[in-house]
Amino acid sequence: MFKSTLLALSAACAGLAAPLHAATPAGATQAVAAAPGAPDAACPEGLPALTRCLTGQDAAGAYWWIAVPKPWSGVLILHSHGGPELGPPKAERSAEDLKRWSIMVKAGHAWAGSTFRQGGVAVRSAAEDTERLRSIFTHLVGAPKRTVLHGQSWGASVAAKGAEMFPKSYDGVLLTSGVLAGGSKAYDFRLDLRVVYQALCNNHPKPDEPAYPLWQGLPPGSPLTRAELARRIDDCTGIASKPEARSPEQQQRLATLVQQAKLPERTLVAHLNWGTWHFQDIVSKRTGGANPFGNIGARYSGPPADLNERVLRYKPDAAALAAFAEDTDPNGRIAVPVLTTHAINDPTAFVEMDHTFRETMEKAGNGAKLVQTFTDEAEHSYLSDPEYPALVDALLAWVEKGEKPTPAAVAQRCKGLEAKFGKGCRFVPDYQPPSLDSRVTPRER
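Definitions and limits used
Residues numbered from 1 in each chain as written. Predicted model: local features only at pLDDT ≥ 70, side-chain atom pairs only at ≥ 80, totals over all residues. Heavy atoms only, no water. Helix = DSSP H or I, 4+ residues; strand = E, 2+ residues; numbered from the N terminus. Rg over C-alpha atoms; globule rule 2.2 N^0.38 Å. Buried < 20%, exposed > 50% of the residue type's maximum accessible area, 1.4 Å probe, protein only. Contact = heavy atoms within 4.5 Å. Areas by Shrake-Rupley, 256 points an atom, 1.4 Å probe, with all protein chains shown as cover. Lys, Arg positive; Asp, Glu negative; His and termini not counted. Charge placed at Lys NZ, Arg CZ, Asp CG, Glu CD. Disulfide = S-S within 2.5 Å. Pairing = 2+ DSSP bridges. Axes fitted to C-alpha atoms, helices over the stretch in contact; angles between N-to-C directions. Right-handed = clockwise from strand over helix to strand, strands pointing away. Salt bridge = Lys/Arg side-chain N within 4 Å of Asp/Glu carboxyl O. Phe/Tyr/Trp six-rings, centres within 6.5 Å; stacked < 30°, edge-to-face > 60°. Lys NZ or Arg CZ within 6 Å of the ring centre and 35° of its normal.

Topic: the overall build of the protein chain
So, point 1. Counting its secondary structure elements, the protein chain contains 15 helices and nine strands.
So, point 2. Here the protein chain has a C-alpha radius of gyration of 22 Å; the compact-globule value for 445 residues is 22 Å, and the two agree.
So, point 3. A principal-axis box enclosing the C-alpha atoms of the protein chain has dimensions of 70 × 50 × 45 Å.
So, point 4. Buried residues in the protein chain amount to 57% of all 445 residues.
So, point 5. Excluding contacts between residues fewer than 6 apart, the proportion of contacts in the protein chain whose partners are at least 24 apart in sequence is 75%.
So, point 6. Counting every atom, the protein chain has about 17700 Å² of accessible surface; 53% of that belongs to carbon and sulfur.
So, point 7. One way to put it: in the protein chain the 48 positive side-chain charges average out to a point 3 Å from where the 46 negative ones average out.

Now the structure itself:
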């Protein structure tokens, strides 16, 4: 019923590049005044009472949700989600994100998140969709006092790129569990996993199936399903069975795979999925069918003793690699304070990627704008409730008062919030991540 009004508004917002940060409206910290034509909706479960929720689809096709608590701090947390999802956008994805990150609303901040206009590994377009949502929020709710750009997982690369692309739109950047090494490096270990898996298991593809280069992920039109791939992985490794039920050959193959990839066993199937369908998306939709991945010079550890002779070797196409890096690699040219956190034992996005991101920021001359924190956790998708408000508060104090946080200060701030948000502060102030090369097999570049 509000679609025509919203589409007109979104169309006006779609062409915005880097709008100036708007002034704070009168009463920004009070209840939000109704915006004419605003698509109010029933909030997802778990949000505070009196929260105002809005939802819709923008002119580019992205679905979004907005939540504004009462009272409102005047701060907008603009969220870039992880994944990425494959296929067309689905409205429920943004609603799920709002429920997951309801802690931001419980802390008194407004929250806005987009599904992005398309699925797949497309970072710049996702950053544009996030910026478009910032403009929609301003039109429907009002200009926030402060805007914090929050990127989670793959969405951290979206947020980092968005902060580079739209330097006047955001006051601070929060990156959590981030895939921050850029596509030119962050996906190397999944190519390694594909080639080592195929050398050991020879069933992805099977000998009687059409051969294809493994960097392709899957050939276009492949009928392979995730259930079938999971069955093949289990046939080779026994991963779905208890350890004592696995054959000696299965035990050895599984041990080689997890030791080589330095992954927990529980994530092996997921990473092979990403190295299959995400690679297919990248090659078929982002690089014009050319190869952006390579493993020339990489040395893998067996058994078997002849593993390095058995793995397939690939050299990236220079133009494809450059195009993929241009879309996905942070350049560190971020003009505002950046605060990050990462679980030390993150099983999905390696904590060592933060080492690469620090090098990127320092190379751009912005090392002083970056503070990194780490937690003693083994999770990826969500850490603990009190940690996120502590990070936001520390970032806002840096933005507004010039109080650059230390990891120890963030940890202390978190402890002070446990009475309100529950136990769960597990910051490790002295931790420093090793280089990505210590985790992922080095190769020719």
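Some words on the state of the cysteines
So, point 1. One pass over the structure, following the stated rule, counts three disulfides.
So, point 2. Covalent S-S linkage joins C43 and C53, the inter-sulfur distance amounting to 2.0 Å. When the S-S torsion is 110°, as for the bridge of C43 with C53, the disulfide is right-handed. Taken together, the positions of C43 in the loop between strand 1 (40–41) and strand 2 (52–57) and C53 in strand 2 put the pair ten residues apart, joining distant regions of the chain.

Here's the deal with unusual backbone geometry
So, point 1. For the bond from K70 to P71, the omega torsion is 0°, close enough to zero to count as cis.
So, point 2. Note that P71 resides in the loop between strand 3 (63–68) and strand 4 (75–80).
So, point 3. A cis amide bond links G302 with the next residue in sequence, P303, at an omega value of 15°.
So, point 4. Its place among the elements puts P303 in the loop between helix 10 (268–286) and helix 11 (307–310).
So, point 5. With a phi close to 55°, N202 is a non-glycine residue in the positive phi region.
So, point 6. Even without a glycine there, the phi angle at K262 is positive, about 55°.
So, point 7. Among the secondary structure elements, K262 is positioned in the loop between helix 9 (248–261) and helix 10.
So, point 8. For K262, a relative accessible area of 38% gives the class partly exposed.

Side note on the sheet that holds strand 6 (residues 146–152)
Two pairing modes exist for strands in a sheet, parallel and antiparallel, and in both the strands are linked by backbone hydrogen bonds.
So, point 1. Taken together, nine strands build an open sheet; the order of strands is 1-2-3-5-4-6-7-8-9 and the sheet is mixed. Edge positions in the sheet fall to strand 1 and strand 9 (370–375), since each has one partner strand and no second.
So, point 2. In this structure, strand 2 lies alongside strand 3, joined through six bridges in antiparallel fashion. Of the residues in strand 3, the one forming a bridge with L54 is I66.
So, point 3. Contacts from helix 2 (residues 91–100) reach strand 2, strand 3, strand 4 and strand 5 (110–114) within the one sheet, and its direction differs from that of strand 3 by about 30°.
So, point 4. With respect to the sheet, helix 5 (residues 154–165) is in contact with strand 4, strand 6 and strand 7 (172–176), its orientation differing from that of strand 6 by roughly 140°.

Concerning the pairing of strand 8 (residues 338–343)
So, point 1. A large share of strand 8 lies buried, amounting to six of its six residues.
So, point 2. Across the two faces of strand 8 the burial is the same, with V338, T340 and H342 and L339, T341 and A343 all buried.
So, point 3. For strand 7 and strand 8, the ladder comprises four bridges, and the chain directions are parallel. Residue pairing across strands places L174 opposite L339, the latter belonging to strand 8.
So, point 4. Two elements, strand 8 and strand 9, share six bridges in a ladder whose sense is parallel. Looking at strand 9, one finds that A343 is bridged to T375.
So, point 5. This β-α-β element, strand 8 to helix 13 (residues 353–363) to strand 9, shows right-handed connectivity.

A closer look at the pattern of salt bridges
So, point 1. According to the stated counting rule, one finds 27 salt bridges in the structure shown.
So, point 2. A salt bridge links R124 to E326; the shortest N-O distance between them is 3.1 Å. Here R124, found in helix 4 (residues 123–140), pairs with E326, found in helix 12 (residues 318–328); they are 202 residues apart in sequence, far enough to count as distant.
So, point 3. We classify R124 as partly exposed; its relative accessible area is 26%.
So, point 4. Here E352 ties to R439 by a salt bridge, and the two come within 3.0 Å at their closest N and O atoms. Taken together, the positions of E352 in the loop between strand 8 and helix 13 and R439 in the segment after helix 15 (407–421) put the pair 87 residues apart, joining distant regions of the chain.

Notes on the packing of aromatic side chains
So, point 1. Within this structure, the stated rule accounts for twelve aromatic pairs.
So, point 2. Between Y187 and F324, the aromatic rings sit 5.8 Å apart at their centres with planes inclined by 50°, giving tilted as the arrangement. Separated by 137 residues along the polypeptide, Y187 in the loop between helix 6 (183–186) and helix 7 (188–201) and F324 in helix 12 bring together distant segments of the chain.
So, point 3. The exposure class of Y187 is buried, given its relative accessible area of 5%.
So, point 4. Look at F324 and you get buried, because its relative accessible area is 3%.
So, point 5. Measuring from centroid to centroid gives 6.0 Å for F293 and F324, while their planes differ by 85°, and the two rings are edge-to-face. Here F293 is found in the loop between helix 10 and helix 11, whereas its partner F324 is found in helix 12, with 31 residues between them in sequence.
So, point 6. One aromatic cluster is present, built from ring pairs that chain together Y187, F279, F293 and F324.
So, point 7. When the ring centre of W277 is taken as reference, the NZ or CZ atom of R226 above it lies at 4.3 Å.

It is worth stressing that arrangement in space is one thing and function is another; only the former is reported here.
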